[in-house]
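An overview of the molecular structure
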Amino acid sequence: MRNAALVLGIIGGLIALIVGFFGYGYTEVVRSHAEVGEMFGEVQNPGLIRLASFLSPLLAIAGGAMAKIRALWGGALMLLGGGLMYYAFGFGVFTMFPIGFCLVGGLLALAAGKPDEPKAHF
């Protein structure tokens, strides 16, 4: 389960990175050119989008990397990253896979309650 959590967290974080680039870029374009925002839609909270564009992939990748040794911490980070992405971007065509990968990876990491090594992570 830890290996699956590791893979899902890293893949989800990489896809979230792509979504984050576009989310952050769109807020910058709307800030610079107001006519783009009028044509395609204004951003309600650009600070939240920018924060989530940076933190969500970071939390997912870090959580996936930690899932093998510290499953509790890694699972919590992946769940936090997936939740932040859902809160900022919503559930749509481009966010369903990173959110799903992060949430499933986080749940798998938390479900690996008894570690393979004799050192407990709780």
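The preceding data block contains the structure.
Residues numbered from 1 in each chain as written. Predicted model: local features only at pLDDT ≥ 70, side-chain atom pairs only at ≥ 80, totals over all residues. Heavy atoms only, no water.

**A closer look at the packing of helix 1 (residues 2-32) against helix 3 (residues 46-66)**
Each pair of packed helices can be described by the angle between their axes along with the distance between the axes. Defined as follows: Note on geometry: axes are lines fitted to C-alpha atoms, helical ones only across the stretch in contact, with angles between N-to-C directions running from 0 to 180 degrees. The helix and strand labels rest on DSSP assignments: H or I over at least four residues marks a helix, E over at least two residues marks a strand, and numbering proceeds from the N terminus. To sort the angles, those under 35 degrees are grouped as roughly parallel, those over 145 as roughly antiparallel, those from 65 to 115 as roughly perpendicular, and the leftovers as oblique. By convention, the crossing between two helices is left-handed when the near helix turns anticlockwise from the far helix through less than a right angle, and right-handed when the turn is clockwise. The residue classification treats Ala, Val, Leu, Ile, Met, Phe, Trp, Tyr, Cys and Pro as nonpolar and Asp, Glu, Lys and Arg as charged. All others, Gly included, are polar.
Running from N to C, helix 1 and helix 3 cross one another at 165 degrees; their axes reach a closest spacing of 7 Å. By the angle class used here, helix 1 and helix 3 are roughly antiparallel. Read as a crossing pair, helix 1 and helix 3 show a hand that is left-handed. Residues of the contact of helix 1 with helix 3, tallied by class, amount to 13 nonpolar, 7 polar and 3 charged.

**A closer look at the environment of Thr 27**
Operational definition: Contacts are assigned to residue pairs with any non-hydrogen atoms lying within 4.5 Å of each other. Think of a polar contact as two N or O atoms within 3.5 Å of one another; within protein, one of them needs to be a possible hydrogen donor and the other a possible acceptor, and neighboring residues in sequence only count if both atoms come from side chains.
Within the secondary structure, Thr 27 sits in helix 1. It is 6.9 Å that separates the C-alpha atoms of Thr 27 and Val 43, two residues lying 16 residues apart in sequence. Aside from chain neighbours lying at most four places away, what touches Thr 27 is Val 43, Pro 46, Ile 49 and Arg 50. Polar side-chain contacts of Thr 27 include one of 3.1 Å to the side chain of Arg 50.

**Focus: the packing of aromatic side chains**
Aromatic rings considered in pairs are described by the distance between their centres and by the relative angle of their planes. The following threshold applies: Only rings of Phe, Tyr and Trp enter the pairing, Trp through its six-membered ring, and a pair is recorded when the two centres are within 6.5 Å. The plane angle decides the type: under 30 degrees is stacked, over 60 is edge-to-face, the rest tilted. Remark: exposure states derive from per-residue accessible area (1.4 Å probe, protein chains only) relative to the maximum for the residue type, with buried under 20%, exposed over 50%, and partly exposed in between.
Scanning all chains against the criterion turns up 1 aromatic pair. Between the aromatic rings of Phe 97 and Phe 101, the centroid separation amounts to 6.1 Å while the plane-to-plane angle is 55 degrees, which identifies the pairing as tilted. Taken together, the residues Phe 97 and Phe 101, both in helix 5 (residues 96-111) and 4 residues apart, mark about one turn of the helix. Note on Phe 97: relative accessible area 49%, which makes it partly exposed. Residue Phe 101 is classed as partly exposed on the basis of its relative accessible area of 26%.

**Here's the deal with helix 3**
In plain terms, the rule: Here a helix's expected span is defined as the number of its residues, less one, multiplied by 1.5 Å. Note on bend: at a given residue it equals the angle between the axes fitted to the 7 residues ending there and to the 7 starting there.
Between its first and last C-alpha, helix 3 extends 30 Å over 21 residues, near the 30 Å set by a 1.5 Å rise per residue. Of all the bends in helix 3, the greatest, near 30 degrees, is centred on Ala 52. For helix 3, the complete set of buried residues consists of Leu 48, Ile 49, Ala 52, Ser 53, Ser 56, Pro 57, Leu 59, Ala 60, Gly 63 and Gly 64. On its buried side, helix 3 packs onto helix 1, helix 4 (71-89) and helix 5.

**Observations regarding the packing of helix 1 against helix 4**
Their axes nearest at 11 Å, the elements helix 1 and helix 4 cross at an angle of 30 degrees. Between helix 1 and helix 4, the angle falls in the class roughly parallel. As helix 1 packs across helix 4, the resulting crossing turns out to be left-handed. Judged by residue contacts, Arg 2, Ala 5, Gly 9, Ala 16, Val 19 and Gly 23 of helix 1 engage Ala 71, Met 78, Met 85 and Phe 89 from helix 4. Here the residues of the contact of helix 1 with helix 4 are counted per class, giving 7 nonpolar, 2 polar and 1 charged.

**Some thoughts on the environment of Val 36**
Take Val 36: it is sitting in helix 2 (residues 34-40). The exposure class assigned to Val 36 is partly exposed, which follows from its relative accessible area of 22%. A C-alpha to C-alpha distance of 29 Å links Val 36 and Gly 12, two positions 24 residues apart in sequence. Those residues within four positions of Val 36 in sequence are excluded, and the remaining contacts are Tyr 26, Val 29 and Gly 41.

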